[in-house]
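# Reading the structure
Given next are the chains, with one letter for each unit.
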Amino acid sequence: QVQLVESGGGLVQAGGSLRLSCAPSGSIFSIKAMGWHRQAPGKQRELVAVITSDGSTDYADSVKGRFTISRDNAKNTGYLQMNSLKPEDTAVYYCNAQIVYSISTILVSWGQGTQVTVSS
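Note that the structure is predicted; figures quoted are calculated from it, not measured.

### Concerning the pairing of strand E5 (residues 46–51)
- Examined bridge by bridge, strand E4 (residues 30–39) and E5 share five bridges and lie antiparallel to one another. The residue bridging Trp36 from the neighbouring strand is Ala49, located in E5.
- In textbook terms, the turn of a hairpin is the stretch between consecutive antiparallel strands, and for E4 and E5 this stretch comprises six residues, one of which, Gly42, has a positive phi near 80 degrees.
- A loop of five residues connects E5 with strand E6 (residues 57–59), the two strands running antiparallel in sequence, and Gly55 in this loop sits at a positive phi of about 95 degrees.

### Observations concerning the state of the cysteines
- Throughout the structure, instances matching the rule amount to one disulfide.
- Paired through a disulfide, Cys22 and Cys95 show a sulfur-sulfur distance of 2.0 Å. Disulfide Cys22 to Cys95: torsion about the S-S bond roughly 65 degrees, handedness right-handed. Note that Cys22 is positioned in strand E3 (residues 18–24) and Cys95 in strand E9 (residues 91–102), a separation of 73 residues in sequence. Comparing Cys22 with Cys95 shows no difference in burial state: the two are buried.

### Brief notes about the pattern of salt bridges
- Per the counting criterion, the structure on display carries four salt bridges.
- For the salt bridge of Lys64 with Asp61, the shortest nitrogen-to-oxygen distance reads 3.3 Å.
- On the basis of relative accessibility, which here comes to 45%, the residue Lys64 falls in the partly exposed class.
- On the basis of relative accessibility, which here comes to 66%, the residue Asp61 falls in the exposed class.
- Across the pair Asp89 and Arg66 runs a salt bridge whose closest N-O atoms are separated by 2.7 Å.

What counts and what doesn't
- Residues numbered from 1 in each chain as written.
- Predicted model: local features only at pLDDT ≥ 70, side-chain atom pairs only at ≥ 80, totals over all residues.
- Heavy atoms only, no water.
- Pairing = 2+ DSSP bridges.
- Helix = DSSP H or I, 4+ residues; strand = E, 2+ residues; numbered from the N terminus.
- Disulfide = S-S within 2.5 Å.
- Buried < 20%, exposed > 50% of the residue type's maximum accessible area, 1.4 Å probe, protein only.
- Salt bridge = Lys/Arg side-chain N within 4 Å of Asp/Glu carboxyl O.

What follows is the structure in structure tokens.
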């Protein structure tokens, strides 16, 4: 089972932007749904955005209008564009995905997380 690898986190000032990427660490057939989650210190992990295999998207109310989830099916890579960042967006961001290995094998994998810190 391959892992997902996130990248693109970092430190940014309030009002700034970051783009996170998520890609599998090895060879796969395809990805079905993909999601981005975040966990701030002392808080539960929350779903931030999700994108289906046909490109339908949904967002948590707290990020609607500021974050955009997208995917490149040819590269089996997902993205989270984060604009107008706020200090309350500070968290470790994780991606997960339903990975298709074969017609009979679909498994959910998670990434290791990438830190996003927004300074005021």
